[in-house]
Amino acid sequence: MLLRATHSPPIATPALRLSLIPAFNILSPSPSSTSVLPRRHSTFAPSKAPFPTKTLVVPNSTHLPSFSVKRVPGMISHPCPKATASFSVGSGSGGDREILVQHLLVKEDDLKLLVELQKRISEGEDLSDLAVEYSICPSKEEGGMLGWVRKGQMVPEFEEAAFSAPVNKVVKCKTKFGWHLLQVVSEREEAILQDIQPDEFHQKMQDPCFIDEAQLIDVREPEEVAQASLPSFQVLPLRQFGSWGPEITDKFDCQKDTYVLCHHGMRSLQVAKWLQTQGFQKVFNVAGGIHAYALKADPSVPTY
């Protein structure tokens, strides 16, 4: 049920328009400052949403090379558990949660099929297996998996049902697309992405415990690192993304604080946003990059 798809690099492309994608789409538009790279399928969304659910959202950039990477098992921080499901109305609120949702969709007039699928799930069959066979949503290709979502990204009826459902309970809801059986298979706190100023980061770097506990990633090229570098950073050149991207969750812990550095803070922001899509919960971009760090925090670091 994990995503396996090929996507293009973080490079400037116009956002896909509704006319260019399947009719089903559940997510609302992302900010205009990002480019959207589609995956293989989409789901349900407000009618004006310009792009599909399974997307990799990255900042616009016009100076980076092309590369591709496959999303492989392990690229989602929480695997999708196979759980015996039961039906529940549920209660609660979304808050700052993100939920991992799978579902199946049948036509509005297919109530007989809906009842039959409910019965089969209550008897122990897996919703994702039934989605592959019966769902009319393109997400059936991934067992009905919609990925990690937060409030404000889905049509209201679906969102209310999803964020009210206890984990592993199957909930029935109706939208303009038809009848859904949905299941929240995992939840987590909403991911944090923020800049950290050079002087604050310099103070942290003086603490040996910080060096031991934090994950430090430098996405500059080797020739840049040779001119100026900071201790304890692991160098993952952005141009070599295809070699390290698929293994990122094997090399790093998604739950640890992760700091990303580049020359002026743009490439690192790009990678930081991508790390969030891979399940990293606390990602910090070093604002202004190593250049600002040298000017504002540590003059012993060369500039170039």
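Residues numbered from 1 in each chain as written. Predicted model: local features only at pLDDT ≥ 70, side-chain atom pairs only at ≥ 80, totals over all residues. Heavy atoms only, no water.

In the annotation of an unreviewed UniProt entry, the entry for the chain reads Peptidylprolyl isomerase, and the organism field reads Escallonia herrerae.

> So what's going on with the overall build of the chain? Which residues, and what values?
Along the backbone of the chain there are 10 helices and 14 strands. By the burial criterion, 52% of the 304 residues in the chain qualify as buried. A fraction of 70% describes how many contacts in the chain between residues 6 or more apart in sequence connect residues 24 or more apart. (Helix = DSSP H or I, 4+ residues; strand = E, 2+ residues; numbered from the N terminus. Buried < 20%, exposed > 50% of the residue type's maximum accessible area, 1.4 Å probe, protein only. Contact = heavy atoms within 4.5 Å.)

> Go over helix 1 (residues 111-122) with me, naming the residues and quoting the values.
Residue pairs spaced three or four apart in an α-helix point in one direction, given the helix's 3.6 residues per turn. Helix length check: helix 1, at 12 residues, gives a terminal C-alpha distance of 16 Å against a target of 16 Å (1.5 Å per residue), a fit within 8%. All of the buried residues in helix 1 are L113, L114, L117, Q118, R120 and I121. Within helix 1, the buried residues cover an arc of 165 degrees as seen down the axis, which keeps them to one side. In helix 1, the exposed positions angled more than 90 degrees off the buried face are occupied by K112 and V115. (Expected span 1.5 Å × (residues − 1). Arc of directions from axis to C-beta.)

> Before we move on, could you go through the pairing of strand 13 (residues 257-261) and cite the residues and values that matter?
The side chains of a regular strand alternate, residue by residue, between the two faces of the sheet. The buried fraction of strand 13 amounts to four of the five residues, a majority that puts the element mostly inside the structure. Note: strand 11 (residues 215-218) against strand 13, four bridges, orientation parallel. From the neighbouring strand, I217 faces strand 13, where its bridge partner is V260. Summarising the sheet, strand 13 and strand 14 (residues 282-286) pair through four bridges and their orientation is parallel. Residue pairing for strand 14: D257 is matched across the bridge by K282. You can see the chain leave strand 13, run along helix 9 (residues 266-277) and come back into strand 14, and the turn it takes is right-handed. (Pairing = 2+ DSSP bridges. Right-handed = clockwise from strand over helix to strand, strands pointing away.)

> So what's going on with the sheet that holds strand 14? Which residues, and what values?
With parallel pairing, five strands are arranged side by side in an open sheet as 10-14-13-11-12. Only two strands of the sheet have a single partner each, and these edge strands are strand 10 (192-196) and strand 12 (234-235). In the sheet, strand 11 pairs with strand 12 via two bridges, with the strands oriented parallel. Counted as the bridge partner of D218 is V235 from strand 12.

> Explain the packing of aromatic side chains residue by residue, including any values.
According to the stated counting rule, one finds nine aromatic pairs in the structure shown. Here F210 and Y259 contribute two aromatic rings whose centre-to-centre distance is 5.1 Å and whose plane-to-plane angle is 75 degrees, an arrangement assigned as edge-to-face. Placement of F210 in helix 5 (residues 208-213) and of Y259 in strand 13 is noted, with a sequence separation of 49 residues between them. In this structure F210 comes out as buried when scored by relative accessible area, which is 11%. Owing to a relative accessible area of 2%, Y259 belongs among the buried residues under this scheme. Note on F241 and W274: the rings are 4.7 Å apart at their centroids and 80 degrees apart in plane angle, and the pair reads as edge-to-face. Residue F241 is found in helix 7 (residues 241-244), and its partner W274 is found in helix 9; the two are separated by 33 residues along the sequence. In terms of burial, F241 and W274 fall into one category: buried. Positioned above the aromatic ring of W148 is the side chain of R188, whose terminal nitrogen or guanidinium carbon lies 3.9 Å from the ring centre. (Phe/Tyr/Trp six-rings, centres within 6.5 Å; stacked < 30°, edge-to-face > 60°. Lys NZ or Arg CZ within 6 Å of the ring centre and 35° of its normal.)

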